[in-house]
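Descriptive analysis of the structure
Each chain, letter by letter, is given below.
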Amino acid sequence: MEPSERETQWALWMRAAAGGDELAYRSLLASLAQFLRRAVRQRFTRIGCGNVDVEDVVQETLLAIHLKRHTWRSTDPVTPWVVAISRNKTIDVLRRRGRRAELPLDEVPEPESADATDEAAGHDLALMLGTLDERQRRIVQLVSIEGHSSRSAAESLGISEGALRVALHRSLKALAARWREGGA
Amino acid sequence: MKTDQLVQLLARDTTLRQSPGRSLLAALLPAGFVTATGFALLVGVRPDLPAALRSPWFDLKVLLNAALWLAATGLLLRLARPGASLRGWWPALCAVPIVLVLAIGVELLRVPPDQWWTLAQGSNSTWCLRVIPALAGAPLLAALLALRNSAPAHPARTGAMAGLMSAGLAATLYALHCPDDSPLFVGLWYVLAAAIVTAAGALLGARWLRW
C-alpha cells in the first residue's frame, strides 16, 4: 500500500473503531501489525541487533497502541502517532535488553531458532500471562486463544458481559505494566 | 501467543478512555480552584492594586507570567499525545524569556548601577520563592496524575512542562500580590521559583509518566 493510501485507510478504520466498529478495529490492528513488523525489523537491522525477538516488540507496541488509542485525535494523521509509539516501545525494549545483557551468561535465554520469528508468535505474552491472577488469565485465554466473543466468554465464566469487559480491560493494563517493568 | 490472537483479544476490549485534553481539563479546574482559594485566603492582592495597574512594569510582570502559563499549557497538551506537532507553541514560550531579557536591559539602562541590587533584591524575595512553589503544588500534582492517562513520548520533558505550566499559573496570581515590579526582581526570583517547580515536575514526570 502507498503511504498516503495507508494513512487514509488507517484514519478511516480509527474513526470507525472509535465509533465501536469491532471489525474495522481488527482490520486496523492487523494492518498495524504488518507495518510494525517491517519497521521494527528494519530498525533492528540498522543498529545491528538482529537476535531480539521482533514479534515481542510488535505485540508490546500493539498493546500500547490499543491502551493509548484515546491519545489520537481524529483530525491528526495516524502514521506519525503510530511511529512515535513504536519508537518509544522499541527504545524501552532495547533498554531492557541492555540491562539483561549484563546478567551472568548462564541466565541468558537460549537463542531462538530461525523460524520462530516467521511464525508471528511472541514469547513474552505467554510468560506474562502466567503472572496474572487466575480469573484474568482465564478471560484472556477464552477471548484470544479460544476465540470466544465477550458474551460467550462471560457466560462460560458465569459473570455479566459488563463485568467481563471491565476485567478484560484491567487484564490488558496489567499485561502492559508487567512488560514495562521488565518483561517476563 | 500469536499476534492474530492478540489482535482478536484487543478488538474485544471496547473500553475507550477520555482524551488527554479532557482529563487534563477535568484535573486542572479543581486544582486551579484550590490554588486561587489558597491565594485569596492566605496571600491576597496588594492593597494598591488599582494604582499598580497603571504601572507598565507591574502589567508586564503579570502578562509575562500569564503568557508563560498559556504557552506551557498549549505545549503540554501536545506533549501528552505521541507524534503531535509542537509547532506554533514553542515560539510563544520562547517569547517570554526574550521579552523578559529585553525588559531587564531597559531597566539596567534606566536606573543607576548603585540601585540595581536594591531593585533585584526587592522587599520579600524569600516569600516569593516559597509562595510560588506552594501555589503551584496542586496544579502540578493534578496535571501529572491526569497525564498518566496520556502517552507522552518524553516523560521527563512533559513533567517539566507541567511544572512550568503550574509555575505560570501560581506566579500570575502571586504577581498580583508581590510589591516588586522591577524586571530585575522578576528575572531573578520569579525565574528561580519557576525553575524549582519545573525541576520538581521533571523528576516526578520521569517516574510517573512512563507507559
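Structure shown above.
Residues numbered from 1 in each chain as written. Chains lettered and ligands numbered in written order. Predicted model: local features only at pLDDT ≥ 70, side-chain atom pairs only at ≥ 80, totals over all residues. Heavy atoms only, no water.

**Comments concerning the pattern of salt bridges**
- Per the counting criterion, the structure on display carries 16 salt bridges over all chains.
- Between Arg46(B) and Asp48(B) there is a salt bridge, with the nearest N and O atoms lying 2.8 Å from each other.
- Overall, the relative accessible area of 37% leaves Asp48(B) in the partly exposed class.
- Put simply, Lys61(B) and Asp181(B) hold a salt bridge, and the shortest N to O gap is 2.8 Å. Within this pair, whereas Lys61(B) is found in helix 4 (residues 56-79), its partner Asp181(B) is found in the loop between helix 8 (155-175) and helix 9 (183-208), the two being separated by 120 residues in sequence. The exposure classification of Lys61(B) matches that of Asp181(B), with both residues buried.
- Beyond isolated ion pairs, a larger network of salt bridges with shared partners links Glu60(A), Lys89(A), Asp92(A) and Arg96(A). (Salt bridge = Lys/Arg side-chain N within 4 Å of Asp/Glu carboxyl O. Buried < 20%, exposed > 50% of the residue type's maximum accessible area, 1.4 Å probe, protein only. Helix = DSSP H or I, 4+ residues; strand = E, 2+ residues; numbered from the N terminus.)

**Looking at the packing of aromatic side chains**
- Per the counting criterion, the structure on display carries 3 aromatic pairs over all chains.
- Each ring, one from Trp10(A) and one from Phe35(A), has its centre 5.0 Å from the other, and the planes form 90 degrees; the classification is edge-to-face. In this pair, Trp10(A) sits in helix 1 (residues 3-18) while Phe35(A) sits in helix 2 (residues 22-46), placing the two residues 25 residues apart along the sequence.
- Here the aromatic rings of Tyr174(B) and Tyr190(B) are separated by 6.0 Å at their centres, their planes lie at 50 degrees, and the arrangement is tilted. A residue pair is termed long-range when its members are at least 10 positions apart, and Tyr174(B) in helix 8 and Tyr190(B) in helix 9 qualify at 16 residues. (Phe/Tyr/Trp six-rings, centres within 6.5 Å; stacked < 30°, edge-to-face > 60°.)

**Notes on the packing of helix 5 (residues 89-110) of chain B against helix 9 of chain B**
Residue and element names in this part refer to chain B.
- Packing of helix 5 against helix 9 brings their axes to within 8 Å, and their N-to-C directions diverge by 140 degrees. For the element pair helix 5 / helix 9, the angle class is oblique. Residues Leu100, Ala103, Ile104, Glu107 and Leu108 of helix 5 form the contact with helix 9, whose own contacting residues are Pro183, Leu184, Val186, Gly187 and Val191.
- In terms of residue class, the contact of helix 5 with helix 9 is made up of 8 nonpolar, 1 polar and 1 charged. (Axes fitted to C-alpha atoms, helices over the stretch in contact; angles between N-to-C directions. Parallel < 35°, antiparallel > 145°, perpendicular 65-115°, else oblique. Contact = heavy atoms within 4.5 Å. Nonpolar A, V, L, I, M, F, W, Y, C, P; charged D, E, K, R; others polar.)

**Re the layout of surface pockets**
- Empty space within the second largest pocket amounts to approximately 370 Å³.
- Surrounding the second largest pocket, 21 residues form its lining, Lys68(A), Arg180(A), Arg148(B), Arg210(B) and Trp211(B) being those nearest its centre.
- Secondary structure elements with two or more residues in the lining of the second largest pocket: helix 3 (54-67) and helix 8 (161-180) of chain A together with helix 9 of chain B.
- Per-element accounting of the lining of the second largest pocket gives the leading share, 5 residues, to helix 8 of chain A.
- Composition of the lining of the second largest pocket by domain shows at least three residues from each of domain 1 (1-102) and domain 2 (123-184) of chain A. (1 Å grid on protein atoms, 1.4 Å probe; cavity = no way out; pocket = protein on both sides within 12 Å on 5 of 7 lines; lining within 4 Å. Points joined across faces, edges and corners; volume = space filled by probe spheres on them. Domains from an automatic or database assignment.)

**Things to note about helix 7 (residues 150-157) of chain A**
- Regarding helix 7 of chain A, the residues found buried are Ser150(A), Ala153(A) and Ala154(A). One side of helix 7 of chain A holds all its buried residues, which, seen down the axis, span an arc of 100 degrees. Along helix 7 of chain A, exposed side chains directed more than 90 degrees from the buried face belong to Arg151(A) and Glu155(A).
- In this structure, the buried residues of helix 7 of chain A make contact with helix 6 (134-145) and helix 8 of chain A together with helix 1 (3-12) of chain B. (Arc of directions from axis to C-beta.)

**Quick notes on the side chain of Thr79(A)**
- Along the chain, Thr79(A) turns up in helix 4 (residues 78-101).
- Overall, Thr79(A) belongs to the buried group, its relative accessible area being 18%.

**Describing empty space enclosed by the protein**
All names here are of chain B.
- Following the criterion strictly, the structure yields 3 cavities of 30 Å³ or more and no others.
- Here the second largest cavity is characterised by a volume of approximately 50 Å³.
- Around the second largest cavity, the lining residues are Trp57, Leu60, Lys61, Leu64, Leu100, Ala103, Asp181, Pro183 and Val186.
- Mapped by element, the contributors of at least two residues to the lining of the second largest cavity are helix 4, helix 5 and helix 9.
- No other element matches helix 4, which puts 4 residues into the lining of the second largest cavity.

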